[in-house]
Amino acid sequence: MKNIIKAQLYQIKRDKALWIMFFGIALLNLSGMMNYIIKWNMDKREGLSGSFFAANTSDMGMYCTVYIILAAVYMMGRDYMDKTVNEEVLYGYSGKHVFLGRALPALSVTLITTILLIFLVPVCSTMIYGWGKEITVAEFMFRVFLYIFLILRISCEAILLTVACRKLYVACAAGLILYEAGYFIDVKNEYVFAGTAGRTIFDFESWIIYHINGKPEILYEKILPESTIFIFIASSILISIMCLLLAGRFFEISDMD
């Protein structure tokens, strides 16, 4: 299995398609930041800062979710296209090792690159405007910590879709359709779908107050209820484990087809 993991990591480093995905989403996030800056300058408003963009991460989270789906599916499913998976099984590797040899690098690389994308806009805006006082660094980092569980959950769901479909483009389409469905299906629990769950975690509720001099100030609700944190972490871990177990089982059953 170690040899498979090494081979996968070697491929990932040199895979142009994966880097195009990463830098494409990075540019989309940066364009979102620039739109904010242009709009605020046109309205002659003040108060832009790194913490302002950190508090509004949910507005750009949709791009990261799309990236997670595409990246995880691509890393897990590209070898189905040239039958490399079948060749490894025929070579003598067990189905379990072939599956984990792809799933673990896909999870690891998707997690690391998505976190980099999350930090991109807050870091760049802090370099321009400073951090500010909307939220603290610790408050933002805690939300990022929670988002890690969602990254793993979405990645595991994408891996399951890839193994079930066995076709790269079909799995990508299915993942994106399920992601979009979360915004149109009315459910009581916002953690059922990945998209709404991500927005909930990075959603700092805000309101505007006006001082005596007429200057507005945005205040943010920074505390998540303990029950919300527990449900989010527990559901993410449970769904991730279930998806990986199902994907592993499907892979072992169908790896010789």
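One can find the structure itself at the top, above this paragraph.
Below, the structure is looked at part by part. (Residues numbered from 1 in each chain as written. Predicted model: local features only at pLDDT ≥ 70, side-chain atom pairs only at ≥ 80, totals over all residues. Heavy atoms only, no water.)

**Some thoughts on the overall build of the chain**
So, point 1. Tallying secondary structure elements over the chain gives 10 helices and two strands in all.
So, point 2. Beginning at the N terminus, the succession of helices and strands in the chain can be written as α-α-α-α-α-α-α-α-α-β-β-α.
So, point 3. Buried positions account for 46% of the 257 residues belonging to the chain.
So, point 4. Summarising the internal contacts of the chain: among those between residues at least 6 apart in sequence, 79% fall at separations of at least 24.
So, point 5. Looking at the chain as shown, the accessible area adds up to about 13700 Å², and 68% of this sits on carbon and sulfur atoms. (Helix = DSSP H or I, 4+ residues; strand = E, 2+ residues; numbered from the N terminus. Buried < 20%, exposed > 50% of the residue type's maximum accessible area, 1.4 Å probe, protein only. Contact = heavy atoms within 4.5 Å. Areas by Shrake-Rupley, 256 points an atom, 1.4 Å probe, with all protein chains shown as cover.)

**Here's the deal with the packing of helix H6 (residues 95-129) against helix H7 (residues 137-165)**
So, point 1. Two elements in contact, H6 and H7, have axes separated by 9 Å at closest approach and are oriented at 140°. Note on packing geometry: the crossing formed by H6 with H7 is right-handed. From H6, Phe99, Ala103, Leu107, Thr110, Leu111, Thr114, Ile115, Ile118, Phe119 and Pro122 reach across to H7, where they touch Phe140, Met141, Val144, Tyr147, Ile148, Ile151, Leu152, Ser155, Cys156, Ile159 and Val163.
So, point 2. Tallied by class, residues from the contact of H6 with H7 come to 18 nonpolar, three polar and no charged. (Axes fitted to C-alpha atoms, helices over the stretch in contact; angles between N-to-C directions. Left-handed = near helix turned anticlockwise from the far one by under 90°. Nonpolar A, V, L, I, M, F, W, Y, C, P; charged D, E, K, R; others polar.)

**Focus on H6**
So, point 1. If you check H6, its first and last C-alpha atoms are 52 Å apart, about what 35 residues at 1.5 Å a residue would give, namely 51 Å.
So, point 2. Of all bends in H6, the biggest is about 35°, found at Leu120, and the proline Pro122 comes one to four residues later.
So, point 3. Positioned one or two residues after H6, Gly130 has a phi angle of 85°, which is positive. (Expected span 1.5 Å × (residues − 1). Bend = angle between axes of the 7 residues up to and from the residue.)

**Topic: the packing of H6 against helix H10 (residues 226-254)**
Each pair of packed helices gets described by two things: the angle between the helix axes and the distance between those axes.
So, point 1. At a minimum axis distance of 9 Å, the contact between H6 and H10 shows a crossing angle of 140°. With respect to H10, the axis of H6 lies oblique. Both H6 and H10 take part in a crossing whose hand is right-handed. Residues Gly95, Lys96, Val98, Phe99 and Leu107 of H6 form the contact with H10, whose participating residues are Leu244, Ala247, Gly248, Phe251 and Glu252.
So, point 2. Classifying every residue of the contact of H6 with H10 by side-chain character gives six nonpolar, two polar and two charged. (Parallel < 35°, antiparallel > 145°, perpendicular 65-115°, else oblique.)

**Remarks on H10**
So, point 1. The terminal C-alpha atoms of H10, which comprises 29 residues, lie 42 Å apart, in line with the 42 Å expected from a rise of 1.5 Å per residue.
So, point 2. Listing the buried residues of H10 in full gives Thr228, Ile229, Phe232, Ile233, Ser235, Ser236, Ser240, Cys243, Ala247, Gly248, Phe251 and Ser254.

**What to know about the pattern of salt bridges**
So, point 1. For the structure shown, the criterion picks out two salt bridges.
So, point 2. Two residues, Asp15 and Arg78, come together in a salt bridge whose shortest N-O distance is 2.6 Å. Of the two residues, Asp15 is situated in the loop between helix H1 (2-13) and helix H2 (16-42) and Arg78 in helix H4 (residues 61-81); the sequence distance between them amounts to 63 residues.
So, point 3. Assessed through its relative accessible area of 11%, Asp15 is described here as buried.
So, point 4. The class for Arg78 is buried, based on a relative accessible area of 7%.
So, point 5. Among the ionic pairs, Glu157 bridges to Arg153, the shortest N-O distance being 2.9 Å. One end of the pair is Glu157 and the other is Arg153, both in helix H7 and four residues apart, which spans about a single turn.
So, point 6. Since its relative accessible area comes to 22%, Glu157 is described here as partly exposed. (Salt bridge = Lys/Arg side-chain N within 4 Å of Asp/Glu carboxyl O.)

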